[in-house]
Amino acid sequence: MNSNNENIIQISEDCKLIVPDNPVIPFIEGDGVGPEVTSSMIKIVNHSVSETYNKKRSINWLEVFAGEKANKIFKKDIWLPQETLDAISKYKIAIKGPLMTPTGGGQRSLNVRLRQKLDLYVCQRPIKWFEGVPSPVITPQAVNMIVFRENSEDIYSGIEWPHDSNDVKKVIHFLKNEMGVENIIDSDNCGIGIKNMSSLGSKRLIKAAIEYAIEHDRSSVTVVHKGNIMKFTEGAFLNWGIDLILKKYHGFFDEKNKCYKFKNPNNEKDIIFKDCICDAFLQNILLKPKDYDVIATTNLNGDYVSDSLAACVGGIGISPGANINYTTGEAVFEATHGTAPDIAGENIVNPSSLILSAEMMLRYLGWNEAANNIMNAIEKVIKQKTVTADFAYQMENATLCSCSEFTDLIIEKI
């Protein structure tokens with residue numbers, strides 16, 4: 001890697017990325033199948049960028065460490081080194097393979113810690129079907145959504161106490177004696193967790209979804225929530241969203257259609273702003289997926305929703321993801337599947353999730369042409385039914401190929 005200040009991505013005063021032709025981009029190889037999918041992704045990105053821009057652009061890859069590899073190198077039970085966080089903050093953009101959460105000792109998800117330490121408040125998951133990919137639904141082509149999941153608050157904040165601790169006894173005593181809570185049914189054996197949601201956290205997430213809808217000329221933004229039960233958290237999430245479109249985007253309530261709308265300033269088209277209770281939404285994505293476009297949702301709901309939608313189009317093995325702070329410009333793109341240790345090193349894993357996450361990364365950099373070439377190549381390879389084992393066993397007349405062979409086929413199509 002050749003690194004100097006000219007290779008570092010900057011951010012302008014209006015929060016736009018200033019990207020050099022040869023940016024430094026840190027990568028985390030990942031655990032389990034991580035080395036295989038990361039190697040595949042780097043080969044494909046390097047080829048696409050070189051071919052697309054006639055070798056005038058390239059990426060300087062910088063390996064940083066997290067997970068098992070970090071623990072082996074630092075040898076101090078360190079799974080997410082400060083050096084890794086500092087590198088991502090310095091270079092703005094990173095990409096990572098799947099990470100295993102260390103077992104025991106109350107260790108929390110490394111993925112969650114990474115998002116929270118860098119305040120990557122948007123988890124962005126595009127959901128799109130590729131022709132030929134096996135799906136459990138009849139019309140997977142009707143599913144075309146992008147999920148904006150709040151990444152900083154909700155129960156993922158990790159504010160909780162175990163049932164047998166002195167701390168939980170203090171919390172329960174406070175709730176019962178100071179706050180008048182009466183419906184804790186077993187005070188002596190009860191874990192307590194705090195669900196926190198703020199105006200800041202909610203509005204910045206919903207704003208990101210709205211701005212995406214405007215920029216990409218999408219038809220609607222749907223807030224998915226459970227505000228009918230959790231009125232002061234999830235209900236507030238919805239209300240803060242309504243407040244945002246009314247005050248910032250000059251929205252209005254359409255009495256005839258019983259929904260809020262706001263104008264797309266780029267073309268004066270109306271964008272619908274609506275909401276849906278989460279359990280109803282999980283049903284509707286199977287029954288009427290065409291009703292939904294851009295989704296803005298809370299942290300826990302977003303976990304359920306994004307994986308359920310991924311299943312509709314072939315599973316998380318082919319679903320990309322990104323974690324973004326649109327104010328600082330910092331972003332970490334990632335494989336959405338797990339480490340799959342049972343197949344690690346066997347050259348049979350499907351690398352599509354991380355490849356498509358890299359495609360998202362290229363678009364975030366503004367290198368849309370290189371991203372388009374990767375997307376088109378993947379579509380062609382899958383359509384010709386030359387695929388890895390996870391798809392081959394579900395397709396008729398498919399040709400089974402290894403991870404490395406699948407990678408080479410994509411490179412040939414670019």
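My aim in this report is to walk through the structure given alongside it, one point at a time. Within every chain, residues take consecutive numbers counted from 1 along the sequence as written. Side-chain atom pairs in this predicted model are given and counted only at pLDDT of 80 or more, local residue features only at pLDDT of at least 70, and totals for whole chains, interfaces and linings cover all residues. For side-chain calculations, the full set of non-hydrogen atoms in the structure is used, while hydrogens and water are omitted.

## Remarks on helix α3 (residues 82-91)
Operational definition: Categorising residues by exposure relies on relative accessible area from a 1.4 Å probe, with only protein chains included: less than 20% of the type maximum marks a residue as buried, more than 50% marks it as exposed, and the intermediate range marks it as partly exposed. Think of it this way: any DSSP run of H or I at least four residues long counts as a helix, any run of E at least two long counts as a strand, and we number them from the N terminus. This arc corresponds to the set of directions leading from the helix axis out to the C-beta atoms. Contacts were defined at the residue level, with two residues in contact if any of their heavy atoms lie within 4.5 Å.
All of the buried residues in α3 are Thr84, Leu85, Ala87, Ile88 and Tyr91. Down the axis of α3, the buried side of the element spans an arc of 160°, and every buried residue falls inside it. On its buried side, α3 packs onto β3 (24-28), β4 (60-64), β5 (93-96), α4 (110-117) and β16 (331-335).

## Overview of the pattern of salt bridges
So the rule is basically this: Each salt bridge in this description consists of a side-chain nitrogen of Lys or Arg and a carboxyl oxygen of Asp or Glu lying within 4 Å of one another.
Tallied over the entire structure, the rule returns 21 salt bridges. With its nearest N and O atoms 3.1 Å apart, the salt bridge here joins Lys69 to Glu29. In this pair, Lys69 is assigned in helix α2 (residues 68-74) and Glu29 in the loop between β3 and α1 (34-52), connecting sequence segments 40 residues apart. As a salt-bridge pair, Asp254 and Lys261 come within 2.8 Å of each other at their nearest N and O atoms.

## A few points about the layout of surface pockets
Counted only if it meets this: Two kinds of site are reported from a 1 Å grid over the protein atoms alone, namely cavities, where a 1.4 Å probe fits but cannot get out, and pockets, open sets with protein on both sides within 12 Å along at least five of seven lines, and residues are called lining when an atom falls within 4 Å of a point. Grid points are joined across faces, edges and corners, and a volume is the space filled by probe spheres set on the points. All amino acids are sorted into three groups, where Ala, Val, Leu, Ile, Met, Phe, Trp, Tyr, Cys and Pro are nonpolar, Asp, Glu, Lys and Arg are charged, and the leftover types, Gly among them, are polar.
The computed volume of the largest pocket comes to approximately 1,200 Å³. Looking at the largest pocket, it is lined by 44 residues, and the ones nearest its centre are Gln124, Tyr212, Glu215, His216 and Tyr326. Counting residues per element, the ones that place at least two in the lining of the largest pocket are β6 (122-128), β7 (144-150), α6 (199-215), β15 (320-324), α10 (352-365) and α11 (368-383). Counting residues per element, the lining of the largest pocket draws most heavily on α6, at seven residues. Looking at the lining of the largest pocket residue by residue, the classes come out as 25 nonpolar, nine polar and 10 charged. By volume, the second largest pocket is sized at about 340 Å³. Looking at the second largest pocket, it is lined by 20 residues, and the ones nearest its centre are Asn111, Arg115, Asp303, Glu334 and Thr336.

## Digging into the pairing of β3
For clarity, the cut-off: For two strands to be treated as a pair, DSSP must find no fewer than two bridges joining them.
With respect to burial, β3 is a largely interior element, five of its five residues being buried. Neither face of β3 is open: one carries Val24, Pro26 and Ile28, the other Ile25 and Phe27, and all of them are buried. Note that β3 and β4 share five bridges and pair parallel. Across the sheet, the residue bridging to Ile28 is Val64, located in β4.

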